[in-house]
Amino acid sequence: MIMLKTLDEIDIMEANGAIVVECFALAREFIKPGRTRKELDAAIEKLIVARGGKPAFKGFHGYPASTCISVNDEVVHGIPDERAFQEGDLVGLDIGVFKDGYYVDSARTIPVGRVSKDAEKLLETTWDALEKGIEQARPGNRLTDISHAVEVRARKSGFAVVRSLVGHGIGKRMHEDPQVPNFGPPHQGPVLEEGMVLAIEPMVNVGTADVFTLEDGWTIVTADRKLSAHFEDTVAVTKDGPRILTR
Ligand code: MG
Ligand code: MG
């Protein structure tokens, strides 16, 4: 069942989104060659807690860290460890905040120094795919109008979207109905209504769409070990159009 949110609830989620925005600003300063994933995770956790929030991923299904940090061929759910960032890395950073009864969820992929042409094109494409998806998040459209717009944009660059992982509704729970795929034909699924809040999150791969899970049980990587990028925003469907709560 899709839980509709009131304006008051959406305002709370937007306030939580402001914490996430601050976290990404910190991350962009923090991520440098030599700094480790674990150090970044600790810095983000500290900031979330200082703002009165809870890192939403910590303990979620037993997840052992506050953020997910997925570098280069890692798609999502990378566990922060002692590995250091290197010039040319693409650092996928996924952050969830829980505060005042509500979750928000957002991801950015941040380049370390100068990255390859392929990597640049992947970042631009994935960001733009997110934008194209968000544009469709308005009353009267149907759910897969979002999905289709994302896939069309990724394919235009010759890239593939990951199919085994999807976006989701979000609110009092981190994962609510509906699932939001990043692929498929348009004009299907539930009609979008005012008060729906969706985490829209394209994961785009330079090579194959296929992925697998590493032995740590969490980290998802591309099957061909080529680059992947991930951007995510929490977006409310309103009568005036999409309202992005995590920017
Ligand atoms: Mg996320
Ligand atoms: Mg999400």
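What you see is a predicted model; the values in this text were computed from it and never measured.

S.K.: Which residues make up the sheet that holds strand β6 (residues 160–161), and what are the values?
M.R.: Judged by pairing direction, the sheet is antiparallel, and its three strands sit side by side in the order β6-β10-β13 without closing on themselves. The open sheet has two edge strands with one neighbour each: β6 and β13 (228–230). Two elements, strand β10 (residues 203–205) and β13, share three bridges in a ladder whose sense is antiparallel. In the strand pairing of β13, methionine 203 is matched with histidine 230. In the packing of helix α3 (residues 117–135) onto the sheet, the strands contacted are β10 and β13, and the crossing angle to β13 comes to about 35°.

S.K.: Describe the pairing of strand β14 (residues 233–238), listing the residues and the values that go with them.
M.R.: Along β14, six of the six residues are buried, which leaves the element largely enclosed by surrounding structure. Residues Asp233, Val235 and Val237 line one face of β14 and the alternating positions Thr234, Ala236 and Thr238 line the opposite face, and both faces are buried. Of the strand pairs in this sheet, strand β9 (residues 197–200) and β14 are connected by four bridges, and their pairing is antiparallel. Counterpart to valine 197 in the pairing with β14 is alanine 236. Relative to strand β15 (residues 241–244), β14 is paired through four bridges, and the arrangement is antiparallel. By the bridge assignment, valine 235 is partnered in β15 with isoleucine 244. The turn linking β14 back onto β15 is made up of two residues.

S.K.: With reference to specific residues and values, describe the side chain of serine 147.
M.R.: Tracing the chain through its elements places serine 147 in helix α4 (residues 143–156). Those residues in contact with serine 147 that sit more than four places away from it in its chain are Pro181, Asn182 and Phe183.

S.K.: Quick one: what's the story with the coordination of the magnesium ion (ligand 1), residue by residue and with numbers?
M.R.: For the magnesium ion (ligand 1), the full set of protein donor atoms is Asp94 (OD), Asp94 (OD), Asp105 (OD) and Glu232 (OE), and the range of their distances to it is 2.1 to 2.5 Å. Taken as a pair, the magnesium ion (ligand 1) and the magnesium ion (ligand 2) lie 3.2 Å from each other and share aspartate 105 as a ligand. Of this pair, aspartate 105 sits in strand β5 (residues 102–111) while glutamate 232 is found in the loop between β13 and β14, placing the two residues 127 residues apart along the sequence. When sorted by exposure, aspartate 105 lands in the same class as glutamate 232, which is buried.

S.K.: Could you give me a rundown of the coordination of the magnesium ion (ligand 2), with the residues and numbers involved?
M.R.: Here the magnesium ion (ligand 2) is held by the protein donor atoms Asp105 (OD), His168 (NE2), Glu201 (OE) and Glu232 (OE), which lie 2.1 to 2.2 Å from it. Spacing between the donor residues of the magnesium ion (ligand 2) along their common chain follows D-x62-H-x32-E-x30-E.

S.K.: Can you lay out the environment of lysine 99 for me, pointing to particular residues and giving the numbers?
M.R.: Tracing the backbone through its elements, the reader meets lysine 99 in strand β4 (residues 90–99). Spatially, the C-alpha atoms of lysine 99 and isoleucine 12 are 8.3 Å apart, while their sequence positions differ by 87 residues. Residue contacts for lysine 99: discarding those within four places in its chain leaves Ile12, Asn16, Ile19, Arg51, Gly52 and Gly53.

S.K.: Outline the pattern of salt bridges, listing residues and values.
M.R.: For the structure shown, the criterion picks out 18 salt bridges. Of the charged contacts, one joins arginine 243 and aspartate 11 as a salt bridge, the two residues approaching to 2.8 Å between their closest N and O atoms. With arginine 243 in strand β15 and aspartate 11 in helix α1 (residues 7–30), this pair connects stretches of sequence that are 232 residues apart. The salt bridge involving glutamate 14 is made with arginine 243; its shortest N-O contact spans 2.8 Å.

Reading the values: rules and limits
Here the residue numbers are simple positions, counted from 1 along each chain's written sequence. Chains and ligands are labelled by the order in which they are written, letters from A for the one and numbers from 1 for the other. In keeping with the predicted nature of the model, local features appear solely for residues at pLDDT of at least 70, side-chain atom pairs appear and are counted solely at 80 or more, and the whole-chain, interface and lining totals rest on all residues. Hydrogen atoms and water are omitted, and side-chain values are computed over all heavy atoms in the structure. A pair of strands is labelled paired if DSSP reports no fewer than 2 bridges between them. Put simply, DSSP marks the helices as runs of H or I at least four residues long and the strands as runs of E at least two long, and each gets a number from the N terminus on. By definition in these notes, contact holds between two residues if any of their heavy atoms fall within 4.5 Å. To obtain an axis, a line is fitted to C-alpha atoms, over the contacting stretch when the element is a helix, and the angle between two such axes runs from 0 to 180 degrees between their N-to-C directions. Note on classification: 1.4 Å probe, protein chains only; a residue is buried when its accessible area is under 20% of the maximum for its type, exposed when over 50%, partly exposed between these limits. Each metal's donors are the N, O and S atoms found within 2.8 Å of it, except that Na, K and Ca use a 3.2 Å limit; water is left out, so coordination can look incomplete. Should a side-chain nitrogen of Lys or Arg be within 4 Å of a carboxyl oxygen of Asp or Glu, the pair is scored as a salt bridge.

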